[in-house]
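# Coordinate inspection notes
Residue-level listing of the chains:
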Amino acid sequence: MNRISVGILGATGVVGQNYLRLLANHPWFEIVDLAASSRSAGKTYEDAVGDRWLMKSSMPTEFKNMVVRDVTDYESIPSNVTLFFSATELGDKEATRDFEFIYASKGYPVVSNSSANRWTPDVPMIIPEINGDHLEILPIQQKNRNFPSSGFVAVKPNCSVQSYLVAIHALREAGYPVEEVLVNTLQALSGAGYRGLTEPERRITVNPLIPGEEEKTEREPSKILGLLEDNQIIPDYSMEMSALCTRVPVVDGHTALVYLNFVDEAPSLEKISKIWSEFEGEPQTLKLPSAPMPPILVMEEEDRPQVHLDVNNGNGMAVTIGRLAEDKFFDIRFVALSHNTVRGAAGGAILTAELLVEKGYINHN
Ligand code: NAP
């Protein structure tokens, strides 16, 4: 097929830069529009980013001279854009929600990294290995909001959720429902965007507070694990979650220390390890271009996963799990790691867009 023309909203930020890196040679998508705040609008991408390019690889040459558009300048959207990835917030959540819906109302599919629309009832919050079926709500969203048949908003969850939820989903799918989860996250600086990576005092401390993060961590799994029934996504509150989230001096990679109790008798550690190692979701079955193979990598070494060794497993799209053990107070515990700006942001959204294409939700030639 011809590559699908895409635009990046928030192209100059940490997540935006990851989109450019990941899409530079993507087989299905081609970037034709870059947009950011009014501060960047009218400048070439290279000038707009200035010394804020934070990727290890250099800025792809093809984007350097593209002129950045203001994300709210709807009149100047290039006519060839088919799909938008959004990695930006406008002032407050309400303004961000409205802005994403304006793009949808103009007939564009929007796959968003922002938290603004995660709890909008007719917006699916997708981890492609878990709940691709929730995309079936999109025609309802279009009908509810009078969008053209091509326009909609789909979102990604919070950037640490996939570190452990894919593993929990695999256990549930194998017939071992989980009753209680205690999770402590050790979240990377890049999770706080450009400021997180550039304020020097953040590199020498552990900050025990990430405002709003624990609420998101405890709440978002219920929607992702929910059932699509009667044209609604009904959250599944059967699994209780308790979260404590911290920011640690690590550049990329959110680690989660997870403790859990099963509803029934716990499977053996060998069984759990086998379930995780053999797990495949829809992206793997469909062989989507960004699907990691395997999605869950189980490590036996006692000192893994470690951020600097494992964050890029599966091109930054895999979840790496280690230290699986029985626990004194819970049935089991384990350590899980995933790349927050790849799997937890740009890469996860690209995988969602690939699923949308494969399932026919994105009109293209
Ligand atoms: P960032 O590095 O601070 O970048 C913010 C981007 O938004 C920049 O392109 C900036 O443009 C633009 N922007 C800021 N204020 C704006 C405004 N008022 N109007 C229009 N554009 C504006 O942030 P980030 O880490 O890339 O995060 C972007 C989004 O992804 C956020 O919603 C965040 O919650 C979400 N997210 C981030 C991560 C992560 O790990 N970092 C993970 C999941 C989700 P200028 O350069 O022109 O200012």
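Residues numbered from 1 in each chain as written. Predicted model: local features only at pLDDT ≥ 70, side-chain atom pairs only at ≥ 80, totals over all residues. Heavy atoms only, no water.

### Quick notes on the overall build of the protein
- When you go through the protein residue by residue, the secondary structure sums to 13 helices and 14 strands.
- A compact globule built from 365 residues should have a C-alpha radius of gyration of about 21 Å, and the protein, at 20 Å, falls within 12% of that.
- Long-range pairs, those at least 24 residues apart, make up 75% of the contacts in the protein with a sequence separation of at least 6.
- When the accessible surface of the protein is split by element, carbon and sulfur atoms take 47% of a total near 15600 Å². (Helix = DSSP H or I, 4+ residues; strand = E, 2+ residues; numbered from the N terminus. Rg over C-alpha atoms; globule rule 2.2 N^0.38 Å. Contact = heavy atoms within 4.5 Å. Areas by Shrake-Rupley, 256 points an atom, 1.4 Å probe, with all protein chains shown as cover.)

### Quick word on the layout of surface pockets
- Estimated volume of the largest pocket: approximately 1300 Å³.
- Along the wall of the largest pocket there are 45 residues; nearest its centre are Ala 87, Glu 89, Gly 191, Ala 192 and Gly 193.
- Within the residue set of the lining of the largest pocket, elements represented by two or more residues are helix 1 (14-23), helix 8 (193-198), helix 9 (213-224) and helix 13 (342-358).
- For the lining of the largest pocket, a count of residues per class yields 14 nonpolar, 20 polar and 11 charged.
- Taken domain by domain, the lining of the largest pocket gets at least three of its residues from each of domain 1 (4-159 + 346-358) and domain 2 (160-338).
- The computed volume of the second largest pocket comes to approximately 690 Å³. (1 Å grid on protein atoms, 1.4 Å probe; cavity = no way out; pocket = protein on both sides within 12 Å on 5 of 7 lines; lining within 4 Å. Points joined across faces, edges and corners; volume = space filled by probe spheres on them. Nonpolar A, V, L, I, M, F, W, Y, C, P; charged D, E, K, R; others polar. Domains from an automatic or database assignment.)

### Overview of the site of the ligand
- For the ligand, the set of nearby residues contains 27 residues, the closest of which are Thr 12, Ser 37, Arg 39, Ser 40 and Glu 89.
- Between the ligand and Arg 52, the relevant distance is 3.0 Å, taken from an oxygen atom to a side-chain nitrogen or oxygen of the residue.
- Relative to its free-state accessible area of 900 Å², the ligand is covered by the protein chains to the extent of 80%.
- The pocket occupied by the ligand, as judged from atoms lying within 2 Å of grid points, is the largest pocket.
- Of all the elements in the fold, those that place two or more residues in the shell around the ligand are helix 1, helix 8 and helix 13.
- Within the shell around the ligand, the residues separate by chemical class into 10 nonpolar, 14 polar and three charged.
- Three or more residues apiece are contributed to the shell around the ligand by two domains, here domain 1 (4-159 + 346-358) and domain 2 (160-338). (Near = heavy atom within 4 Å. Polar contact = N/O pair within 3.5 Å; in protein donor to acceptor, adjacent residues only side chain to side chain. Sits in = over half its atoms within 2 Å of the grid points.)

### Side note on helix 7 (residues 161-173)
- Over its 13 residues, helix 7 runs 18 Å from end to end, which matches the ideal 18 Å to within 8%, given 1.5 Å per residue.
- Within helix 7, 11 of the 13 residues are buried, which leaves the element mostly enclosed by the surrounding structure.
- Along helix 7, the positions that sit buried rather than exposed are Val 161, Gln 162, Ser 163, Tyr 164, Leu 165, Val 166, Ala 167, Ile 168, His 169, Ala 170 and Leu 171.
- Directly after helix 7, the chain includes Gly 175, whose backbone phi takes a positive value near 95°. (Expected span 1.5 Å × (residues − 1). Buried < 20%, exposed > 50% of the residue type's maximum accessible area, 1.4 Å probe, protein only.)

### Examining the pattern of salt bridges
- Under the counting rule described, the total for this entry stands at 13 salt bridges.
- Among the salt bridges present, the one from Lys 93 reaches Glu 89, with a minimum N-O distance of 3.3 Å.
- For Lys 93, a relative accessible area of 37% corresponds to the partly exposed category.
- With a relative accessible area of 42%, Glu 89 lands in the partly exposed category.
- With a shortest N-O distance of 2.9 Å, Arg 195 and Glu 199 are connected by a salt bridge.
- Glu 199 sits in the partly exposed class, given a relative accessible area of 22%.
- Connected through shared salt-bridge partners, Arg 195, Glu 199 and Arg 202 make up one network. (Salt bridge = Lys/Arg side-chain N within 4 Å of Asp/Glu carboxyl O.)

### With respect to the packing of helix 7 against helix 10 (residues 269-278)
- At a closest axis distance of 9 Å, the pairing of helix 7 and helix 10 adopts a crossing angle of 110°. Relative to helix 10, helix 7 is oriented roughly perpendicular. Across the interface between the two elements, Ala 167, Ala 170 and Leu 171 from helix 7 touch Ile 272, Ile 275 and Trp 276 from helix 10.
- Residue composition of the contact of helix 7 with helix 10, by class: six nonpolar, no polar and no charged. (Axes fitted to C-alpha atoms, helices over the stretch in contact; angles between N-to-C directions. Parallel < 35°, antiparallel > 145°, perpendicular 65-115°, else oblique.)

### Topic: the pairing of strand 13 (residues 319-326)
- Examined bridge by bridge, strand 12 (residues 296-298) and strand 13 share three bridges and lie parallel to one another. Bridge pairing links Val 298 to Ile 321 in strand 13.
- The pairing of strand 13 with strand 14 (residues 332-338) spans five bridges and is antiparallel. Within the sheet, the bridge partner assigned to Ala 325 lies in strand 14 and is Arg 333. (Pairing = 2+ DSSP bridges.)

### Things to note about the sheet that holds strand 3 (residues 69-70)
- A sheet is described by the order of its strands in space; here six strands give the open sequence 3-2-1-4-5-6, paired in parallel fashion. With one partner strand each, in any of the chains shown, strand 3 and strand 6 (152-155) form the two edges of the open sheet.

### Overview of the sheet that holds strand 12
- The strand order 10-7-11-14-13-12 describes an open sheet built from six strands, whose pairing is mixed. Bordering the open sheet on either side are strand 10 (240-247) and strand 12, each of which pairs with just one other strand. When strand polarity is set aside, the average angle formed by the axes of neighbouring strands in this sheet is 20°.
- Here helix 10 sits on the sheet in contact with strand 11 (254-262), strand 12, strand 13 and strand 14, set at roughly 170° to strand 13.

### A short note on the domain arrangement of the protein
- According to the domain assignment, the protein contains domain 1 (4-159 + 346-358) and domain 2 (160-338).
- Centre-to-centre separation of domain 1 and domain 2, based on C-alpha positions: 24 Å.
- The interface is formed by 37 residues belonging to domain 1 together with 41 residues belonging to domain 2.
- Carbon and sulfur atoms make up 68% of the area that domain 1 and domain 2 hide from each other, which totals about 3200 Å².
- There are one salt bridge connecting domain 1 and domain 2.
- When the shortest N-O distance is used, the salt bridge between Arg 118 and Glu 220 registers 2.9 Å.
- For the pair domain 1 and domain 2, the interface holds 13 residue pairs in polar contact (both at pLDDT 80 or more).
- Looking at the side of domain 1 that touches domain 2, the elements with two or more residues in it are helix 5 (128-131) and helix 13.
- It is helix 13 that contributes the most residues to the side of domain 1 that touches domain 2, seven residues altogether.
- Of the residues belonging to the side of domain 1 that touches domain 2, the class tally is 19 nonpolar, nine polar and nine charged. (Buried area = accessible area lost by both parts, 1.4 Å probe.)

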